[in-house]
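Okay, here's what each chain looks like letter by letter:
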Amino acid sequence: MTKHDQLHRFLFASHSVRGELVSVSETYQRMLENHHFPQPVQQLLGELLVATSLLTATLKFNGDITVQIQGDGPVKLAVINGNNLQQMRGTARIDGEVNAASSLHDMIGNGYMVITVTPTEGERYQGVVALEGNTLAECLDAYFKQSEQLPTRLFIRTGMQDGKIAAGGMLLQILPGAKESSEDVLDHLVQLTATIKGEELFTLDAKEILHRLYHEEDVTLYEPQQVEFRCTCSQQRCADTLVTLSESDLQEILHNDGKIDMQCEFCGMHYVFDEKDINEIKTAKTERLH
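As the structure is a computational prediction, the values presented were derived from the model and not from experiment.

Caption draft 1: Broad picture of the overall build of the chain. The helix and strand inventory of the chain stands at 10 helices and 14 strands. In terms of its C-alpha atoms, the chain occupies a principal-axis envelope of roughly 70 × 45 × 40 Å. Counting over 290 residues, the chain shows a buried share of 48%. Pairs at least 24 residues apart make up 61% of the contacts formed inside the chain by residues separated by at least 6 positions. In the structure as shown, the chain presents an accessible area of about 15300 Å², 47% of it carried by carbon and sulfur atoms. Of the side chains in the chain, 24 bear a positive and 42 a negative charge, and the two mean positions are spaced by 3 Å.

Caption draft 2: Just the packing of aromatic side chains, in detail. According to the stated counting rule, one finds four aromatic pairs in the structure shown. Relative to Tyr214, the ring of Phe10 has its centre 6.1 Å away and its plane inclined at 40 degrees; by these criteria the two rings are tilted. One end of the pair, Phe10, is in strand S1 (residues 6-12); the other, Tyr214, is in helix H7 (residues 206-214), and 204 residues separate them in sequence. You can call Phe10 buried: its relative accessible area is 2%. We classify Tyr214 as buried; its relative accessible area is 1%.

Caption draft 3: The arrangement of the state of the cysteines in detail. All chains considered together, the criterion is met by zero disulfides. Here Cys233 stays unpaired: no disulfide links it, and the sulfur of Cys267, its closest cysteine neighbor, is 3.6 Å away. For Cys238, which is in no disulfide, the shortest distance to another cysteine sulfur is to Cys233 and amounts to 6.6 Å.

Caption draft 4: Layout of the pairing of strand S2 (residues 17-23). Burial of S2 is extensive: seven of the seven residues sit out of reach of the surface. The alternating pattern of S2 places Val17, Gly19, Leu21 and Ser23 and Arg18, Glu20 and Val22 on opposite faces, both of which are buried. Connecting S1 to the next strand, S2, in antiparallel fashion are four residues, including Ser16 with a positive phi near 55 degrees. Where S2 lies against strand S9 (residues 164-174), seven bridges are found, and the strand directions are antiparallel. Paired with Val17 across the bridge in S9 is Ile174.

Caption draft 5: The arrangement of the sheet that holds strand S7 (residues 125-130) in detail. Strand order in the open sheet made by the six strands is S7-S6-S3-S4-S5-S12, with mixed pairing throughout. Edge positions in the sheet fall to S7 and strand S12 (228-229), since each has one partner strand and no second. Where strand S5 (residues 87-94) meets S12, two bridges bridge the pair, whose relative direction is parallel. Residue pairing across strands places Met88 opposite Phe229, the latter belonging to S12.

Caption draft 6: Geometry of the pattern of salt bridges. For the coordinates displayed, the defined rule picks out eight salt bridges. Residue Asp141 is joined to Arg153 by a salt bridge in which the shortest nitrogen-to-oxygen separation is 3.2 Å. Separated by 12 residues along the polypeptide, Asp141 in helix H4 (residues 136-146) and Arg153 in strand S8 (residues 152-161) bring together distant segments of the chain. A residue is classified by how much of its surface remains accessible, and Asp141, at 11% relative accessible area, is buried. Note on Arg153: relative accessible area 33%, which makes it partly exposed. Taking the shortest distance from any N to any O, the salt bridge between Arg230 and Glu228 comes out at 3.1 Å. Look at Glu228 and you get partly exposed, because its relative accessible area is 31%. If you follow the salt bridges from partner to partner, you end up with Glu200, Glu208 and Arg212 in one network.

Caption draft 7: Geometry of the packing of helix H2 (residues 39-58) against H4. At a minimum axis distance of 10 Å, the contact between H2 and H4 shows a crossing angle of 30 degrees. Here H2 lies roughly parallel to H4, going by the angle between them. In terms of crossing hand, the pair formed by H2 and H4 is right-handed. On H4, the residues that touch Glu47, Leu48, Ala51 and Leu55 of H2 are Leu136, Leu140 and Phe144. Looking at the contact of H2 with H4, its residues break down into six nonpolar, no polar and one charged.

Calculation notes
- Residues numbered from 1 in each chain as written.
- Predicted model: local features only at pLDDT ≥ 70, side-chain atom pairs only at ≥ 80, totals over all residues.
- Heavy atoms only, no water.
- Helix = DSSP H or I, 4+ residues; strand = E, 2+ residues; numbered from the N terminus.
- Buried < 20%, exposed > 50% of the residue type's maximum accessible area, 1.4 Å probe, protein only.
- Contact = heavy atoms within 4.5 Å.
- Areas by Shrake-Rupley, 256 points an atom, 1.4 Å probe, with all protein chains shown as cover.
- Lys, Arg positive; Asp, Glu negative; His and termini not counted.
- Charge placed at Lys NZ, Arg CZ, Asp CG, Glu CD.
- Phe/Tyr/Trp six-rings, centres within 6.5 Å; stacked < 30°, edge-to-face > 60°.
- Disulfide = S-S within 2.5 Å.
- Pairing = 2+ DSSP bridges.
- Salt bridge = Lys/Arg side-chain N within 4 Å of Asp/Glu carboxyl O.
- Axes fitted to C-alpha atoms, helices over the stretch in contact; angles between N-to-C directions.
- Parallel < 35°, antiparallel > 145°, perpendicular 65-115°, else oblique.
- Left-handed = near helix turned anticlockwise from the far one by under 90°.
- Nonpolar A, V, L, I, M, F, W, Y, C, P; charged D, E, K, R; others polar.

It is worth stressing that arrangement in space is one thing and function is another; only the former is reported here.
Now the structure itself:
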């Protein structure tokens, strides 16, 4: 039976600790199918995908979240964009050599992680943290400590399952207003959760995973939310970008190439515009302005 991508929330009611469990393997595969990234970059994007899904679910909001890593190494940017509907997309920009043994710091060099939350209504929020941990999970733990948010731990697993790339993860977080003793409970639950294997996350259902990890605990499991790959690019968005270019720039591209070919860096989709299309776009813009 195929396991479809889902995010599950769960609660240790007697301990004031909440959790999340996510599988994102199908989304991960869809995200990478039009790209040819080196294996370490694929793994980094898988880890970012898991982290973004888990972070999105901790936020009570409607809107977008973007988790990106930037640096001066060969991987200039690795980014995942998602929303409260668990619709995810991601990409990376590479300028240099990434070999099979590259670590996070080999790829990124001196870098930092930026987490941007853009609610549909309300203020945009951005948090920045230096990449000082050896893994993405360690860097995110540092982010939660630095931003004085609730004590939170992430567990991220990537790998192969049935010949395909796979990814999943878990998150534990102390509830607001919890007693100080909850930190000791969290440490105990962290030790249990750290034993989770990638294969278990990739193949078992949530109920089975929670039973294996916490069979002595009273855990409430809630209805899951679907996770999917979804790109927001469109012909119209590309057209809106084209009208911001100067007339001379447009004419130069059309003169050299006979058309303008715009490719979405997230999904690889091509949007092609010829001179007739450009004229129609400009006419439509002029009509909107009058």
